[in-house]
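What follows is the residue order along each chain.
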Amino acid sequence: MKPAPFAYARATTVDEAVALLDKPDARLLAGGQSLIATLNMRLSAPALLIDINGIGGLDGIALKDGALEIGALTRHAAAEHSEETAQHAPLIALAMPHIAHPAIRNRGTIGGSIAFADPAAELPACLLALGGEVDIAGPNGKRTVKADDFFKGLFETALGPQDILVAVRVPAAGKDTRVGFAELARRHGDYAIVGLAASAKADGNGLKDVRLAFFGVGATPVRAKKAEVALAGGDIEAAVTALDLDPPDDVQASGAVKKHLAGVLLRRVARQLMETRA
Ligand SMILES: Cc1cc2nc3c(=O)[nH]c(=O)nc-3n(C[C@H](O)[C@H](O)[C@H](O)COP(=O)(O)OP(=O)(O)OC[C@H]3O[C@@H](n4cnc5c(N)ncnc54)[C@H](O)[C@@H]3O)c2cc1C
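Here the structure is a predicted model, which is why all the values come from computation and not from measurement. Throughout this description, residue numbers start from 1 for each chain and increase along the sequence as written. Only residues with pLDDT of at least 70 are given local features in this predicted model, and only at 80 or more are side-chain atom pairs given and counted; all residues enter the totals for whole chains, interfaces and linings. Based on all heavy atoms of the structure, the side-chain values leave hydrogens and waters out of the count.

(A) Structural view of the pattern of salt bridges. Salt bridge, as used here, is a side-chain nitrogen of Lys or Arg placed within 4 Å of a carboxyl oxygen of Asp or Glu. All told, the structure shown has 14 salt bridges when counted by the stated rule. Among the salt bridges present, the one from Arg267 reaches Glu237, with a minimum N-O distance of 2.7 Å. Of the two residues, Arg267 is situated in helix 12 (residues 255-275) and Glu237 in helix 11 (residues 236-241); the sequence distance between them amounts to 30 residues. Burial status follows relative accessibility: with a 1.4 Å probe on protein chains alone, a residue under 20% of its type maximum counts as buried, one over 50% as exposed, and anything between as partly exposed. Glu237 sits in the partly exposed class, given a relative accessible area of 42%. The numbering of helices and of strands both runs from the N terminus, where a helix is a DSSP run of H or I of at least 4 residues and a strand a run of E of at least 2.

(B) The site of the ligand, seen in detail. Any residue with a heavy atom positioned within 4 Å of a molecule or strand is treated as near that molecule or strand. Around the ligand sit 30 residues in total, of which Leu28, Gly32, Leu35, Thr109 and Glu122 are the nearest. A 3.5 Å cut-off defines polar contacts: any pair of N or O atoms within that distance qualifies, except that in protein one atom must be a possible hydrogen donor and the other a possible acceptor, and neighbouring residues in sequence count only when both atoms are side-chain atoms. Residue Leu28 places a main-chain N or O atom 2.6 Å away from an oxygen atom belonging to the ligand. Take His76: an N or O atom from its side chain is 3.2 Å from an oxygen atom of the ligand. Considering the ligand on its own, with 970 Å² of exposed area, one finds that the protein chains cover 87% of that surface. Elements represented by at least two residues in the shell around the ligand include exactly strand 2 (26-29), helix 7 (110-116) and strand 10 (164-171). Looking at which element gives the most residues to the shell around the ligand, the answer is helix 7, with four residues. When its residues are assigned to classes, the shell around the ligand shows 16 nonpolar, eleven polar and three charged. Where accessible areas are quoted, they stem from the Shrake-Rupley method and a 1.4 Å probe; at the residue level, only the protein chains shown are allowed to cover. Side-chain classes follow a simple rule in which Ala, Val, Leu, Ile, Met, Phe, Trp, Tyr, Cys and Pro form the nonpolar group, Asp, Glu, Lys and Arg form the charged group, and the remainder, Gly included, forms the polar group.

Dropping the structure here:
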């Protein structure tokens, strides 16, 4: 199948893209790795595609005021191979190789993944696990939204119809930062059946500030807050028992299977969080 006809505009500034989004049925085009597939299958048929790839200054990875900032147009591959990511956001570095395949990571963007907010995607869960935030530009100027408030529902975020995600920011890892990541997928590179991105801080022989963000278990990435408390107490089996998830059935697995797999992943990731203690 071919896409339905659409008009095309290439924005060169964020303001221009925001203004173009005022037109009816307009959609941003970043890496195109999700959008073009939906156009080709006619799952969506926007009247206007606004290509943001020509906007300068929307890519790049930099340490700023104790946080790692990643521009929206930064390609997955650039983040995957970045020294800054490895050093300051090791959870994102762990997750990157699980996203699709190199050809897709060469084009797909960090901003596109977060804005698209697929519930089985790795990066939204990483952003949530790290307690990160998102910079948004819209018709009323710029604003910042915490990851905890950004993911609203199935493919639904805090982005309004005329908003552009311009950057994401995560606290830079310190000496006491601990991270863990695991997912189960049918084949490497597929969207996860269930996945878990986690961060914590070492606290003596234990952990504190544990954040467990599961993906593939609901409409958004989901924090398991009771399990976080239990894991901070140091007892992995208590954390598995406390796992406060209620995944719905989907095309990949039943909710019961997903809940079981979430427990399997929690044991693996908890060990990663603990093994990497100083
Ligand atoms: C075969 C295949 C396998 C894949 N497997 C995985 C996987 O395992 N894990 C995973 O996470 N992803 C996977 N993906 C998706 C891939 O990571 C996409 O690149 C990503 O989801 C979207 O990024 P993009 O830059 O390509 O966005 P696009 O496809 O260009 O856009 C996606 C949506 O986000 C909107 N958008 C894009 N950028 C912005 C912005 N800056 N501000 C506001 N809205 C914006 C667009 O309007 C559109 O609605 C896969 C894709 C393919 C084709």
